[in-house]
Amino acid sequence: MADKQDLIRFGIMGCAEIASKVSRAILLSPNATLVAVASRSIDKARQFADRNKLPENVRLYGSYGELLDDLSVDAVYMPLPTTLHLKWAVMAAQKGKHLLLEKPTALDVKVLDEMLDSFQRNGLQFMDGSMWYHHPRTAKMQELLSNSHLFGRVKAIHSSSSYHPPPHFLENDVRVKPELDALGALGDAGWYCIGAILWSMNQKLPTTVTALPNTIRNSAGVILTCSASMLWDEEETVATFFCSFLAHETMSLAVCASNGTLNVDDFIIPYEETAAGFSYTSGAMFVDLHIGWNVKPQHVRVETKLPQEAVMIQEFSGLVKGVKYLGARPDTRWAETSRCTQLVMDAVRNSIDDGYKAIKI
């Protein structure tokens, strides 16, 4: 456990459902502590604190501005609706707060760039709240995919992120309201698919992005289901994804390379909190008469002492500590990862709006 004086002090801006998970993660992380929570009213902040059994010394605020004025807050976790990100992220940067921003980061890359410029100018760390990158399983999958003998060159990728919530979600949730989160399923679920595909390609952007003509919108025009394909001309690699608020729960990623394949069914939220797995096959071929395979998939299990959201907090806090105490520069890799995802998400949306035409990046 770090000395209390070395702990990165978090404030949470907004009491969305996901904030309960992250508040727990902050309290579990060995190098972070939760010092403040803000909501649009003090009553909502108190209800959040009571519901999550927060320590009594956590300060509660009835406005976001009060939290940003709290000089004891080093970093802010912000799970606000996407349309509010620009205003409050820029204000956080102006107040000297490092930012862990819930995804999707912005409505488009122009807005994201304005936020990122603020953090760069002020020498502050930025990261989006995609938790799966931080699970040790992800590092293990990357290690294997980087083995050219086992996998070779990536040729095809598919990812799916979907769930079928109850009717009240489709009628009342922030994620289906155009004035709050206009990206709908593309921003909420598709963000993960796009991120996983780009991760598989070491963050290299595709040459073209083309939405597929299966988009379903609600009466307000918010996307409930969509799919898209991506093409990398030089690598001759193709990727597809499916995201939806209208289909059974999926969180899958499949990577097919020239020498092997990798499959994971729960890459966004592992089936278990303390361990996660995936399978891979290398050098597979049919046996004589095509009555079977010469190898079976290898199953890999990766254990973790902390849930992936707490590992995210730990890694983010380590970067903030380096900036605050050691004179380090912010790690721009995370901002670049968010920006790549945002660029592809923008291209999917533009393709949908333009009659499913191919969009060059």
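The protein is annotated in an unreviewed UniProt entry as Gfo/Idh/MocA-like oxidoreductase N-terminal domain-containing protein from Salvia divinorum. The UniProt entry for the protein carries the following comment under Sequence similarities (unreviewed entry): "Belongs to the Gfo/Idh/MocA family."

K.L.:
Quick question: what am I supposed to make of the UniProt feature "domain: GFO/IDH/MocA-like oxidoreductase" (unreviewed entry) in the protein here?
P.N.:
Mapped onto this numbering, the UniProt entry annotates "domain: GFO/IDH/MocA-like oxidoreductase" (unreviewed entry) at residues 141-262. Between the first and last C-alpha atoms of residues 141-262 the distance is 8 Å; the span itself is 26% helix and 39% strand.

K.L.:
Please clarify how the nonpolar core should be interpreted in this entry.
P.N.:
Across soluble globular proteins, nonpolar side chains show a tendency to be buried alongside one another. Judged by nonpolar contacts, the single largest core of 78 residues is most densely connected at Phe 10, Met 230, Phe 241, Ile 313 and Val 348. The element contributing the most residues to this core is helix 9 (residues 184-200), with ten residues. Those residues in contact with Phe 241, other than ones at most four positions away along the chain, are His 158, Ser 159, Leu 186, Gly 190, Cys 193, Ile 194, Ile 197, Cys 226, Ser 227, Ala 228, Met 230 and Val 348. If you look at the next biggest cluster of nonpolar residues, it comprises 27 residues, including Tyr 64, Leu 68, Ala 89 and Val 90.

K.L.:
Sorry, what's going on with the packing of aromatic side chains here?
P.N.:
Under the criterion given, the structure shown has twelve aromatic pairs. Taking 5.9 Å as the distance between ring centres and 80° as the angle between the ring planes, the aromatic pair formed by Tyr 163 and Phe 169 counts as edge-to-face. Note on accessibility: Tyr 163 and Phe 169 belong to one class, buried. Where Tyr 163 meets Phe 245, the ring centres are 5.3 Å apart and the plane angle is 50°; that geometry is what we call tilted. One end of the pair, Tyr 163, is in the loop between strand 7 (154-162) and helix 7 (167-172); the other, Phe 245, is in the loop between strand 10 (237-244) and strand 11 (250-257), and 82 residues separate them in sequence. Of the two residues, Tyr 163 and Phe 245, both sit in the buried class. Among the aromatic side chains, those forming a connected cluster through ring pairs are Trp 132, Tyr 133, Trp 199, Phe 267 and Trp 334.

K.L.:
Sorry, what's going on with the side chain of Asp 74 here?
P.N.:
One can find Asp 74 in the loop between helix 3 (64-68) and strand 4 (75-78). With relative accessibility at 8%, the residue Asp 74 sits in the buried group. Of note is the side chain of Asp 74, whose polar atom sits 2.7 Å from the side chain of Lys 324. Every residue in contact with Asp 74, bar those within four places of it in the chain, is listed here: Leu 7, Ile 8, Arg 9, Gly 96, Lys 97, His 98 and Lys 324.

K.L.:
Would you mind going over helix 1 (residues 17-28) with me for this structure?
P.N.:
Helical geometry: 3.6 residues make up each α-helical turn, so side chains three or four residues apart lie on a common side. What helix 1 keeps buried is the set Ala 19, Val 22, Ser 23, Ala 25 and Ile 26. Looking down the long axis of helix 1, one finds its buried residues gathered within 160° of arc, a one-sided arrangement. The secondary structure elements touched by the buried residues of helix 1 are strand 1 (8-13), strand 2 (32-38), helix 2 (42-51), strand 4 and helix 10 (308-326).

K.L.:
Can you walk me through the sheet that holds strand 5 (residues 98-101) in this structure?
P.N.:
By definition, the strands of a sheet pair up through backbone hydrogen bonds, in either a parallel or an antiparallel sense. Reading across from one edge, 3-2-1-4-5-6 is the order of the six strands in this open sheet, with parallel pairing throughout. Because the sheet does not close on itself, it has two edges, and the strands there are strand 3 (59-61) and strand 6 (126-128). Geometrically, the sheet is characterised by an average inter-axis angle of 25° between neighbouring strands, direction not taken into account.

K.L.:
Can you help me understand the packing of helix 5 (residues 109-121) against helix 11 (residues 333-353) in this one?
P.N.:
For any two helices packed against each other, the geometry is given by the interaxial angle and the distance between the axes. In the contact formed by helix 5 and helix 11, the axes pass within 9 Å of each other and the chain directions differ by 165°. When the interaxial angle is binned, helix 5 and helix 11 end up roughly antiparallel. Judged by the twist between their axes, the crossing of helix 5 over helix 11 is left-handed. Judged by residue contacts, Val 109, Leu 112, Asp 113 and Leu 116 of helix 5 engage Ala 335, Ser 338, Arg 339, Gln 342, Leu 343 and Asp 346 from helix 11. For the contact of helix 5 with helix 11, the residue count by class is five nonpolar, two polar and three charged.

K.L.:
Just to check I follow, could you spell out helix 6 (residues 136-145) for this structure?
P.N.:
Buried within helix 6 we find Arg 137, Thr 138, Met 141, Leu 144 and Leu 145. Seen end-on, helix 6 carries its buried residues on one side only, within an arc spanning 125°. Buried residues along helix 6 sit against helix 9, strand 11, strand 12 (260-264), strand 13 (275-282) and strand 14 (298-303).

K.L.:
I keep staring at the sheet that holds strand 9 (residues 223-232) and nothing clicks. Help me out?
P.N.:
Across the sheet, which stays open at both edges, the nine strands sit in the order 14-13-12-11-7-10-9-8-15 with mixed pairing between neighbours. Here the strands that pair on one side only, and so sit at the sheet edges, are strand 14 and strand 15 (359-360). Alignment of strand 8 (residues 208-217) against strand 15, held across two bridges, turns out to be antiparallel. Its bridge partner lying in strand 15, Val 209 is registered against Ile 359. Each of strand 11, strand 12, strand 13 and strand 14 touches helix 6; the most contacted strand, strand 13, lies at about 15° to it.

About the thresholds
- Residues numbered from 1 in each chain as written.
- Predicted model: local features only at pLDDT ≥ 70, side-chain atom pairs only at ≥ 80, totals over all residues.
- Heavy atoms only, no water.
- UniProt positions renumbered as here; feature names shortened; annotations may be inferred.
- Helix = DSSP H or I, 4+ residues; strand = E, 2+ residues; numbered from the N terminus.
- Core = buried A, V, L, I, M, F, W, Y, C linked by side-chain atoms within 4.5 Å.
- Buried < 20%, exposed > 50% of the residue type's maximum accessible area, 1.4 Å probe, protein only.
- Contact = heavy atoms within 4.5 Å.
- Phe/Tyr/Trp six-rings, centres within 6.5 Å; stacked < 30°, edge-to-face > 60°.
- Polar contact = N/O pair within 3.5 Å; in protein donor to acceptor, adjacent residues only side chain to side chain.
- Arc of directions from axis to C-beta.
- Pairing = 2+ DSSP bridges.
- Axes fitted to C-alpha atoms, helices over the stretch in contact; angles between N-to-C directions.
- Parallel < 35°, antiparallel > 145°, perpendicular 65-115°, else oblique.
- Left-handed = near helix turned anticlockwise from the far one by under 90°.
- Nonpolar A, V, L, I, M, F, W, Y, C, P; charged D, E, K, R; others polar.

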